[in-house]
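Chain by chain, the residues:
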Amino acid sequence: MTHWFHRNPLKATAPVPFNYYGVVTGPAASKICSDLRSSRARLLELFTDLNCNPQMMKNAADSYFSLLQGFINSLDESTQESKLRYIQNFKWTDTLQGQVPSITEDEAKEVHRSLKIAAGIFKHLKESHIPKLITPAEKGRDLEARLIEAYIIQCQAEAQEVTIARAIELKHAPGLIAALAYETANFYQKADHALSSLEPAYSAKWRKYLHLKMCFYTAYAYCYHGQTLLASDKCGEAIRSLQEAEKFYAKAEALCKEYGETKGPGPTVKPSGHLFFRKLGNVVKNTLEKCQRENGFIYFQKVPTEAPQLELKANYGLVEPVPFEFPPTSVHWTPETLAAFDLTQRPKDDSAKPKPEEVVKPVKEPDIKPQKDTGCYIS
């Protein structure tokens, strides 16, 4: 299957050897540094390993971050920072400036859960760690508030897409599907708004994706709202709702083309090539024709000139970020281990000499070949 979700490139990072010559004065500290090197290398390897599953990623991340905690927080669990808090700088590339149409039920649940966890991680960073940075994030960089907010909301929106696909297959009430689609469209609109003041040269492609998804799910909302109106014998209003669905679907189709032609970071996905996308066009067309036939034979109702106002609220199925916490500090961190790092022996930083800008190589992402698109089924 071709990709359904837009993704910015994976962030690449400069190597971190964790070599603190002179500072490390004992075997316990030396082992911490060695374990940090190996656990970080393992975590980075998994980013591009097609055989990696969520549990493998969590185990590797927990292993690395439990060791890194000793560089961040005090061992006595106070609010003070570790004395090693500023011993190491990390360098990452910037994502802007520098998939599930046919899946099993278990896979759908994993995608849904992973996206909620991702939203929780972004939210945790935004609220608990980014404010502590010595140097505030530059405008348009990954840790800047607008981008972090967009990532949080996009994760929520994409998780709700899985909910909608499941609700459609289980033939839930059209009113619930319409409400979920409306809430999802609003998520995408909010994410797009978060990026609206960024430089278009960096954000245009991402925003095209968010805009097309907003139009697509607005079309879904009007389509299923029209079915609800028809079931309530409001055929004239149903026709007008379906006409609005037709309009937003056409907008989404046009935006798919614009998105494909827009230059920017990240691989180009092809939403309009998915059966899930094309199927909505057929549902809108067939439902509208049905309403028009029944209105001509049974209801004889006037079609309103104004589209119905969507003020839909889903009773359940809305996605919230899963609260995230870093793993506990590794048991290898003891007061004796920390004492084995002697910062007085740290080499002096000769800031007077200009340093060449370090180049961080981009991550070589795996080339996932499109598979046959069998539609948006979750069984």
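Residues numbered from 1 in each chain as written. Predicted model: local features only at pLDDT ≥ 70, side-chain atom pairs only at ≥ 80, totals over all residues. Heavy atoms only, no water.

- In the annotation of an unreviewed UniProt entry, the protein is listed under the name BRO1 domain-containing protein BROX and assigned to Physeter macrocephalus.

## Quick look at the overall build of the protein
Right, so step 1: When helices and strands are tallied, the protein shows nine helices and two strands.
Right, so step 2: The order of α-helices and β-strands along the protein, N terminus first, is α-α-β-α-α-α-α-α-α-α-β.
Right, so step 3: Along the three orthogonal principal directions, the C-alpha set of the protein runs to about 90 × 40 × 40 Å.
Right, so step 4: Residues classed as buried in the protein amount to 41% of the 379 residues present.
Right, so step 5: Carbon together with sulfur atoms contributes 54% to the accessible area of the protein, which is approximately 21000 Å² in total.
Right, so step 6: Here the protein carries 48 positive and 45 negative side-chain charges, and the mean point of each set is 3 Å from the other. (Helix = DSSP H or I, 4+ residues; strand = E, 2+ residues; numbered from the N terminus. Buried < 20%, exposed > 50% of the residue type's maximum accessible area, 1.4 Å probe, protein only. Areas by Shrake-Rupley, 256 points an atom, 1.4 Å probe, with all protein chains shown as cover. Lys, Arg positive; Asp, Glu negative; His and termini not counted. Charge placed at Lys NZ, Arg CZ, Asp CG, Glu CD.)

## Structural notes on unusual backbone geometry
Right, so step 1: The phi dihedral of Lys 171 falls on the positive side, at around 55 degrees, and the residue is not glycine.
Right, so step 2: Tracing the chain through its elements places Lys 171 in the loop between α4 (145-169) and α5 (174-194).
Right, so step 3: One non-glycine residue, Asp 233, lies in the positive phi region at around 65 degrees.
Right, so step 4: Relative to the helices and strands, Asp 233 resides in the loop between α6 (200-231) and α7 (235-261).
Right, so step 5: Of the residues examined, Asp 233 reaches a relative accessible area of 44% and is grouped as partly exposed.

## Quick word on the environment of Ala 194
Right, so step 1: Tracing the sequence through the fold places Ala 194 in helix α5.
Right, so step 2: Here the alpha-carbon distance between Ala 194 and Ile 148, two residues 46 residues apart in the chain, equals 9.1 Å.
Right, so step 3: Discounting chain neighbours no more than four positions away, the residues touching Ala 194 are Arg 146, Glu 149 and Ala 150. (Contact = heavy atoms within 4.5 Å.)

## With respect to the pattern of salt bridges
Right, so step 1: One pass over the structure, following the stated rule, counts 16 salt bridges.
Right, so step 2: For Lys 11, the salt bridge identified is with Asp 142, shortest N-O distance 2.5 Å.
Right, so step 3: Residue Lys 11 is classed as partly exposed on the basis of its relative accessible area, which comes to 31%.
Right, so step 4: You can call Asp 142 buried: its relative accessible area is 7%.
Right, so step 5: When the shortest N-O distance is used, the salt bridge between Glu 244 and Lys 247 registers 2.8 Å. Of this pair, Glu 244 and Lys 247 both sit in helix α7, three residues apart, which is roughly one turn of that helix.
Right, so step 6: A residue is classified by how much of its surface remains accessible, and Glu 244, at 7% relative accessible area, is buried. (Salt bridge = Lys/Arg side-chain N within 4 Å of Asp/Glu carboxyl O.)

## Structural notes on the nonpolar core
Right, so step 1: Ranked by internal contacts, the top residues of the largest apolar core, which has 64 residues, are Trp 206, Phe 216, Tyr 217, Tyr 220 and Leu 280.
Right, so step 2: Those elements that provide at least two residues to this core are α4, α5, α6, α7 and α8 (275-299).
Right, so step 3: Among the elements that take part in this core, α6 stands out by supplying 16 residues, more than any other.
Right, so step 4: Residues Ile 32, Ala 60, Leu 84 and Phe 341 belong to the second largest nonpolar core, which totals 23 residues. (Core = buried A, V, L, I, M, F, W, Y, C linked by side-chain atoms within 4.5 Å.)

## Things to note about the side chain of Asp 192
Right, so step 1: With respect to the helices and strands, Asp 192 occurs in helix α5.
Right, so step 2: In contact with Asp 192, other than residues within four places in its own chain, are Arg 207 and Leu 210.

## Focus on the packing of α6 against α7
Right, so step 1: At a minimum axis distance of 8 Å, the contact between α6 and α7 shows a crossing angle of 160 degrees. Relative to α7, the element α6 lies roughly antiparallel. For the element pair α6 and α7, the recorded crossing hand is left-handed.
Right, so step 2: In terms of residue class, the contact of α6 with α7 is made up of 19 nonpolar, six polar and six charged. (Axes fitted to C-alpha atoms, helices over the stretch in contact; angles between N-to-C directions. Parallel < 35°, antiparallel > 145°, perpendicular 65-115°, else oblique. Left-handed = near helix turned anticlockwise from the far one by under 90°. Nonpolar A, V, L, I, M, F, W, Y, C, P; charged D, E, K, R; others polar.)

## Section: helix α2 (residues 54-68)
Right, so step 1: Taking 1.5 Å per residue as the helical rise, α2 with its 15 residues ought to reach 21 Å, and the 21 Å between its terminal C-alpha atoms agrees with that figure.
Right, so step 2: All buried positions along α2 are accounted for by Ala 60, Ala 61, Tyr 64, Ser 66, Leu 67 and Leu 68.
Right, so step 3: Close packing links the buried residues of α2 with α1 (27-46).
Right, so step 4: For α2, the N-terminal capping position is held by Asn 53, with its side-chain oxygen 3.1 Å away from the main-chain nitrogen of Gln 55. (Expected span 1.5 Å × (residues − 1). Polar contact = N/O pair within 3.5 Å; in protein donor to acceptor, adjacent residues only side chain to side chain.)

## With respect to the environment of Lys 11
Right, so step 1: When you line up the elements, Lys 11 lands in the segment before α1.
Right, so step 2: Along the backbone, Lys 11 and Thr 95 are 84 residues apart, and their C-alpha atoms lie at a distance of 6.1 Å.
Right, so step 3: Leave out the neighbours within four places in its chain, and Lys 11 touches Trp 92, Thr 93, Asp 94, Thr 95, Asp 142 and Val 363.
Right, so step 4: Within the local environment of Lys 11, its side chain forms a polar contact with the side chain of Asp 142, the two groups lying 2.5 Å apart.

## Details of the state of the cysteines
Right, so step 1: With the rule as written, the count across this model stands at zero disulfides.
Right, so step 2: Left unpaired, Cys 155 is separated from the closest cysteine sulfur, that of Cys 52, by 17 Å. (Disulfide = S-S within 2.5 Å.)

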